[in-house]
Amino acid sequence: TKQPQTQTGHQPAPAGRIMSGKSLLLKVILLGDGGVGKSSLMNRYVTDRFDSQSFHTIGVEFLNRDLEVDGRLVTLQIWDTAGQERFKSLRTPFYRGADCCLLTFAVNDLQSFQNLGCWKKEFMYYSDVKDPERFPFVVLGNKVDMEQREVGEDEARAWCEENGCCPYFETSAKDDTNVTAAFEAAVREVLAAEDQIDHTLLSSTIDLHGNRKTSRTSCC
Ligand SMILES: Nc1nc2c(ncn2[C@@H]2O[C@H](COP(=O)(O)OP(=O)(O)OP(=O)(O)O)[C@@H](O)[C@H]2O)c(=O)[nH]1
């Protein structure tokens, strides 16, 4: 059984990597159309509950959960945003300081899948991401418990490959399918991106003019 430590709030997290006690504090943000199940995924992961009557989010909310990934203690601060267009100005100020973005759609809603690119663009526009090519995204195809699908798994995986080779998870907040795996993957993506930066800095060279030279490897 899960024994999460939770905390709720409505203040933006400070930007940058900070420690919460002995654990690393990571901010992940859930984006996607209204009704795809962002709040349900966060609540399933942190409180192990599912509400079939959940209300639309207004603005943003966050919950914390402590976990250990590959021997590292992490406090995951999960930000759930309002997917409805009318709440755009309330959610975008909270994109800053995110360490990972979880782009979410519902597999029974083609439009929500087609909008993934818009969500990615919106995130990149309002966040303070320094290196867009290395920023970690994870894609979640939610509601896989529903019988009628409008988006196939292959189609979703192809989109992920074309859009930065981001990991893809088919989830159900209702049945608790792949929810833990998806959030843990987000943490691993952040840690891997940091390791890559460290590695790049270590392996880079300074040329005669004082410029740092690095060679970039493919993400796939
Ligand atoms: N069958 C099924 N229903 C789900 C699942 N996840 C969420 N729902 C339902 O879908 C509806 C919308 O879920 P929310 O979690 O509120 O969606 P949201 O993306 O947070 O919506 P906004 O707050 O408007 O952005 C609710 O009725 C949920 O119970 C799932 O995995 N399977």
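Throughout, residues of each chain are indexed from 1 in the direction in which the sequence is written. Restriction of local features to residues with pLDDT of at least 70 applies here, the model being predicted, together with a cutoff of 80 or more for giving and counting side-chain atom pairs; totals for whole chains, interfaces and linings are based on all residues. Note that water and hydrogens are dropped before the side-chain values are worked out from all heavy atoms of the structure.

A. Inspection of the pattern of salt bridges at higher detail. We define a salt bridge as a side-chain nitrogen of Lys or Arg found within 4 Å of a carboxyl oxygen belonging to Asp or Glu. Considering all chains together, one arrives at 6 salt bridges under this definition. Between Arg149 and Glu170 there is a salt bridge; the shortest N-O distance is 2.8 Å. In this pair, Arg149 is assigned in the loop between strand 7 (137-142) and helix 5 (153-162) and Glu170 in strand 8 (residues 168-170), connecting sequence segments 21 residues apart. Note on Glu170: relative accessible area 10%, which makes it buried. The residue Glu153 makes a salt bridge to Arg157 at a minimum N-O spacing of 2.8 Å. Each helix is a run of H or I in the DSSP string that is no shorter than four residues. Each strand is a run of E no shorter than two, and both are numbered from the N terminus. Note on classification: 1.4 Å probe, protein chains only; a residue is buried when its accessible area is under 20% of the maximum for its type, exposed when over 50%, partly exposed between these limits.

B. View of the side chain of Ser40. Secondary-structure assignment places Ser40 in helix 1 (residues 38-47). Residue contacts for Ser40: discarding those within four places in its chain leaves Arg49, Phe50, Ser54 and Ala173. What makes two residues a contact is simply this: any of their non-hydrogen atoms within 4.5 Å.

C. Quick peek at the nonpolar core. Core analysis: the biggest nonpolar cluster contains 28 residues, and Tyr45, Leu76, Ile78, Leu102, Leu140, Phe183 and Val187 have the highest contact counts within it. Secondary-structure elements contributing two or more residues to this core are strand 3 (23-32), helix 1, strand 4 (60-69), strand 5 (72-81), strand 6 (100-106), strand 7 and helix 6 (179-203). Looking at this core element by element, the count peaks at 8 residues for helix 6. With residues up to four places along the chain from it excluded, the contact list for Leu76 reads Leu26, Val28, Tyr45, Leu63, Asn64, Arg65, Leu67, Phe183 and Val187. Side-chain atoms within 4.5 Å are what join buried Ala, Val, Leu, Ile, Met, Phe, Trp, Tyr and Cys residues into a set we call a nonpolar core. One finds Phe62, Tyr95, Leu103 and Phe105 within the second-largest nonpolar core, a separate group that totals 25 residues.

D. Focus on the environment of Arg72. Relative to the elements of secondary structure, Arg72 occurs in strand 5. Residue classification places Arg72 among the partly exposed positions, given a relative accessible area of 36%. Sequence-wise, Arg72 and Glu184 are 112 residues apart; in three dimensions their C-alpha atoms are separated by 12 Å. Beyond its immediate chain neighbours, meaning those up to four positions away, Arg72 contacts Leu24, Leu67 and Leu191.

E. Highlighting the site of the ligand. If you check the shell around the ligand, you find 25 residues, and the closest are Lys38, Ser40, Ser54, His56 and Thr57. A distance of 3.1 Å separates an oxygen atom of the ligand from a polar atom in the backbone of Ser52. Pairs of N or O atoms are called polar contacts if they sit within 3.5 Å, as long as, within protein, a hydrogen donor faces a hydrogen acceptor (for residues adjacent in sequence, only side-chain-to-side-chain pairs). One of the side-chain nitrogen or oxygen atoms of Ser172 is found 3.5 Å away from an oxygen atom of the ligand. The method behind every accessible area is Shrake-Rupley, applied with a 1.4 Å probe, and residues are considered shielded solely by the protein chains displayed. Within the complex, the protein chains bury 90% of what would otherwise be the 650 Å² of accessible surface of the ligand. Note on terminology: near, applied to a residue and a molecule or strand, indicates that one of the residue's heavy atoms is within 4 Å of it.

F. Just helix 1, in detail. With 8 of 10 residues buried, helix 1 is to be regarded as a mostly interior element. When helix 1 is considered as a whole, its buried residues turn out to be Lys38, Ser39, Ser40, Leu41, Met42, Arg44, Tyr45 and Val46. Within two residues after helix 1, Asp48 carries a phi angle of roughly 60°, on the positive side.

G. Up close: the packing of aromatic side chains. Within 6.5 Å between ring centres, the rings of Phe, Tyr and Trp (the latter by its six-membered ring) count as paired, and their orientation is classed by plane angle as stacked under 30 degrees, edge-to-face over 60, tilted in between. For the structure on display, the rule yields 11 aromatic pairs. Taking 5.7 Å as the distance between ring centres and 35° as the angle between the ring planes, the aromatic pair formed by Tyr95 and Phe123 counts as tilted. Here Tyr95, found in the loop between helix 2 (88-91) and strand 6, pairs with Phe123, found in helix 4 (residues 116-126); they are 28 residues apart in sequence, far enough to count as distant. In this structure Phe123 comes out as buried when scored by relative accessible area, which is 0%. Note on Phe123 and Phe135: the rings are 5.1 Å apart at their centroids and 40° apart in plane angle, and the pair reads as tilted. Of this pair, Phe123 sits in helix 4 while Phe135 sits in the loop between helix 4 and strand 7, placing them 12 residues apart in sequence. Over the ring of Tyr45 we find Arg65, and its NZ or CZ is 4.4 Å from the ring centre. Only Lys NZ and Arg CZ are tested; either one counts as a charge over a ring when it is within 6 Å of the ring centre and within 35 degrees of the ring normal.

H. Expanded view of the environment of Asp33. Following the sequence through the fold, Asp33 ends up in the loop between strand 3 and helix 1. For Asp33, a relative accessible area of 13% gives the class buried. Once the C-alpha coordinates of Asp33 and Gly71 are considered, the two residues, 38 residues apart in sequence, prove to be 34 Å apart.

I. Region of the structure containing the pairing of strand 3. With 10 of 10 residues buried, strand 3 lies mostly within the body of the structure. When strand 3 meets strand 5, the two strands line up parallel, connected through 7 bridges. The partner of Leu30 across the bridge, within strand 5, is Asp80. As paired elements, strand 3 and strand 6 share 5 bridges and run parallel to each other. Its bridge partner being in strand 6, Leu31 is matched across the sheet by Leu103. Two strands are said to pair when DSSP picks up at least two bridges between them.

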